[in-house]
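Coordinate analysis (summary)
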Amino acid sequence: MTQQFYVSPEQLMKDRADFARKGIARGRSVVVISCADGIALIAENPSPSLHKIGEIYDKIAFAAVGKYNEFESLRQAGVRYADVRGYSYDREDVTARGLASVYAQSLGAVFTAEQKPFEVELAVAEVGATQEQDHLYRLTFDGSIADENGFVVMGGLAEQISDVVSGAWEAELTLAGAMRLALRALAADKELEALPATAVEAAVLYRASESHRGSRRAFRRLLPEDMTRLLTEEA
Amino acid sequence: MQDPSNGPLATQATSSFTEHLQRSRPELLPFNQALPAGSVPPSPHATTIVALTYAGGVLMAGDRRATMGNVIASRHIEKVFPADEYSVLGIAGTAGLAIDITRLFQVELEHYEKIEGTLLSLVGKANRLGAMIRGNLPMAMQGMAVIPLFAGFDHVSGVGRLFSYDVTGGRYEEQEHHSVGSGSVFARGALKKLWKPNLSEEAAVAVAVEALYDAADDDSATGGPDPVRQLWPVVYTVNRAGNRRVPERDLAAIAGAIVESRAIAGREA
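Residues numbered from 1 in each chain as written. Chains lettered and ligands numbered in written order. Predicted model: local features only at pLDDT ≥ 70, side-chain atom pairs only at ≥ 80, totals over all residues.

**What to know about the overall build of chain A**
Secondary structure assignment for chain A yields seven helices and 10 strands. Taking 18 Å as the expected radius of gyration for a compact globule of 235 residues, we find that chain A reaches 18 Å, a close match to that expectation. Residue burial in chain A is summarised as follows: out of 235 residues, 47% are buried. Within chain A, contacts between residues separated by at least 24 positions form 66% of all contacts whose residues are at least 6 apart in sequence. (Helix = DSSP H or I, 4+ residues; strand = E, 2+ residues; numbered from the N terminus. Rg over C-alpha atoms; globule rule 2.2 N^0.38 Å. Buried ≥ 20, exposed ≤ 12 C-beta atoms within 10 Å, placed from the backbone. Contact = placed C-beta atoms within 7 Å.)

**Here we look at the nonpolar core**
Ranked by size, the top nonpolar core spans 142 residues in total, and within it A:Val31, A:Val32, A:Ala125, B:Leu59 and B:Ala208 carry the most contacts. Among the elements that line this core, the one with the most residues is helix H7 (residues 201-218) of chain B, at 11 residues. (Core = buried A, V, L, I, M, F, W, Y, C linked by C-beta atoms within 7 Å.)

**What about the sheet that holds strand E11 (residues 177-180) of chain B?**
Strands in a sheet are paired, the pairing made by backbone hydrogen bonds, and the direction either parallel or antiparallel. All names here are of chain B. One open sheet accounts for five strands, arranged E11-E2-E3-E12-E13; its pairing is antiparallel. Among the strands making up the open sheet, the edge pair consists of E11 and strand E13 (242-245). Each neighbouring strand pair of the sheet contributes to a mean axis angle of 15 degrees, computed without reference to strand direction. Relative to E11, strand E2 (residues 49-54) runs antiparallel, the two sharing four bridges. The partner of Ile 49 across the bridge, within E11, is Val 180. (Pairing = 2+ DSSP bridges. Axes fitted to C-alpha atoms, helices over the stretch in contact; angles between N-to-C directions.)

**Brief notes about the interface of chain B and chain A**
The extent of an interface is frequently quoted as the accessible surface area lost upon association of the parts. With 17 residues of chain B in contact, the opposing surface of chain A contributes 18 residues. Contributions of two or more residues to the side of chain B that touches chain A are made by helix H2 (17-24) and helix H3 (95-116) of chain B. Element by element, the count of residues in the side of chain B that touches chain A is highest for H3(B), at five residues.

**Quick notes on the confidence of the model for chain B**
All names here are of chain B. Across chain B, pLDDT averages 90, with 95% of residues at or above 70. Below pLDDT 50 for its whole length, residues 4-9 participates in nine contacts with residues either more than four positions away or in separate chains. Predicted complex metrics record ipTM = 0.90 and pTM = 0.91. (pLDDT = per-residue confidence, 0-100.)

Okay, here's the thing in structure tokens:
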């Protein structure tokens, strides 16, 4: 039997965290912005079919950076959790807070117990009737959870992008304004002024979707042509 | 939430909400109970549903009565529901089970859409509903049958389509029009005379309301229009743009016109 080398718990956790951070830093970024019309979710993602943003429930959306297979399994688990909960209690009883805390537990358990931690960072967004009732949670690979105010930026260039967004973010932003800000922020490391609409994946959680859109499901994916129309009509 | 890192996730992954419940929370399924011997006490039954195609879509209408033996259990019950954006279903039979099966079916379709990122095909939806009705067969053998009617817009062929079911989960595509429930025989007779090809949407709504009126005339378990309580049938239309509930105001006018024309005719039915 081979003798195991002693590794201190501090070192073990630090190694795992560094490993996860490196994985996440390789990925492209995601921006989630709360605005007057709802919550805008924008990811730099050239693929039109492998999504980083998804619908979880009526008012709840999910955005992620990192390894696709890992966050996709988390997204599906989130949809299952929300649907089972909504089916066994009531649709109103599914909240972003409940979902985020389940995610935090899963991520935390994997971080300490498994061979390798998840190389992902997640955002869970819930749109409320008013902007004060919006919830944005950010979850990191070790299961820490943060309740963010106004916007969440995740991914490799989170700090640079966050600087741009925090400089221009205000609660009164319209949806088009939030999209423009996100496109500008996501181009922070590039020669461009702003990313083109084709280079991103975008979605919205509309505020008051029942009265304005006739559906309790607030989530809508914006196709590149929707984005182009949105950006030109309110320029 | 199942731990995604735990076990062979790929083999566990399913896009079906019903399958997921069967594996992880079977007690939540409406039809997964072993009943003891004996007969089930009287429980509310939902009655007549009619559905018909019209130019560019399909519609479904249901009366508002639930009965329990000789008693009217509810005058307000709704038996036609949107299943998702492009389909509707109506239910006849044991109301308690039928409403839960409807809820399960609605979640099933939405769950698939969220997991897969695309809508199920119309026939795929119809088959899922058939599987649920088959799942309910043991309950049906105890006297608690649920018979749905399913209609939706098929984006591939560009027409509205209708599906009926039997108690064993058999699925049958229907042409032109169909009805289920205790008053269905009378509603069907009326539909045969009133339905024409290429009806406009307004005309089709009027045909559905009149067919339910005829069913209520002869079937004590079907409720007619109720001007005292201002209760009208529930009518949903489905076309390329999605489903829409016909507003109460329109239904009041249509039902009023039917009663008036029958009163003027002054004949025995």
